[in-house]
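# Coordinates in review
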Amino acid sequence: MRPHLDLFSTREGHRAFIVERITQTPHLTLHGLKAERIKLAVKSYSDFLCEQIYSPLDLQEHLETVCDWLADDDRVDDDRVVEFFRSWSQHENEQISETVAGLCDRLAAEKRWDTIVDAAKALLDVGEPGRPLAKRLLETAAQNNFHRAMRILGNRLLEGGCFEQDIEEGRRWLTKAADEGDTLAMWRLGHCLLEGDG
């Protein structure tokens, strides 16, 4: 970690530092500049500093620390984990995306199936960018016999809207969920038989 990161842990920290410096030097004036232009310049400079200081390596290191905290600290509520997945699922850096996806494996080791399924549902709401990770989350929970995940995955595969339609695989997951006692999966299978769809 770079030593100067301690001074500015956030973008707001950079902005606060710059504003503080401006107020400490009243003898330096910005004649003729409008307040909005000054604010824009301060924001642009702050963003530039953040991009220069926080390299992808730093971001990766911080992200791993956050993943450790989310997976290991029992005081972290499920909503925070779900929001983390929603926020970071669309990152362009492949290594960062893998770190985020790796949190799924850590949650699975803790048997936090409801959290995993809630995160998958939130990712499906994000749209196309969240779908691959959502499917991975649902498959992880379903493969560990969590009937709620089996039902959701089965329904999504039957419908084909979020994932590529696979009727046979969808029925298989719904049947497994029904065998585990999931009444909604039983209803969906019965509906498929009556209506002849899926």
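Reference entry: report on the structure contained in this document.

Reading the values: the criteria
- Residues numbered from 1 in each chain as written.
- Predicted model: local features only at pLDDT ≥ 70, side-chain atom pairs only at ≥ 80, totals over all residues.
- Heavy atoms only, no water.
- Helix = DSSP H or I, 4+ residues; strand = E, 2+ residues; numbered from the N terminus.
- Buried < 20%, exposed > 50% of the residue type's maximum accessible area, 1.4 Å probe, protein only.
- Contact = heavy atoms within 4.5 Å.
- Expected span 1.5 Å × (residues − 1).
- Phe/Tyr/Trp six-rings, centres within 6.5 Å; stacked < 30°, edge-to-face > 60°.
- Lys NZ or Arg CZ within 6 Å of the ring centre and 35° of its normal.

### Comments concerning the overall build of the chain
Helix and strand counts for the chain come out as 10 helices and zero strands. Secondary structure elements of the chain occur, N-terminal to C-terminal, as α-α-α-α-α-α-α-α-α-α. Counting over 198 residues, the chain shows a buried share of 37%. Counting contacts in the chain only where the partners sit at least 6 residues apart, residues at least 24 apart contribute 61% of the total.

### Digging into helix H7 (residues 131-143)
Taking 1.5 Å per residue as the helical rise, H7 with its 13 residues ought to reach 18 Å, and the 18 Å between its terminal C-alpha atoms agrees with that figure. Taken as a whole, H7 has its buried residues at Leu-133, Ala-134, Leu-137, Leu-138, Thr-140, Ala-141 and Ala-142. Asn-145 occupies a position one or two residues after H7 and carries a positive phi of about 65°.

### Focus: unusual backbone geometry
The phi torsion at Lys-111 lies on the positive side, around 60°, for a residue other than glycine. Mapping Lys-111 onto the fold places it in the loop between helix H5 (94-109) and helix H6 (113-126). The exposure class assigned to Lys-111 is exposed, which follows from its relative accessible area of 60%. Unlike most non-glycine residues, Asn-145 shows phi in positive territory, near 65°. With respect to the helices and strands, the residue Asn-145 is situated in the loop between H7 and helix H8 (147-159).

### Quick look at the packing of aromatic side chains
In this structure the tally under the stated criterion is one aromatic pair. With 6.3 Å between their ring centres and 70° between their planes, Phe-84 and Phe-85 make a pair best called edge-to-face. A residue is classified by how much of its surface remains accessible, and Phe-84, at 8% relative accessible area, is buried. Here Lys-135 stacks its cationic end above the ring of Phe-163, 5.7 Å away from the centre of that ring.

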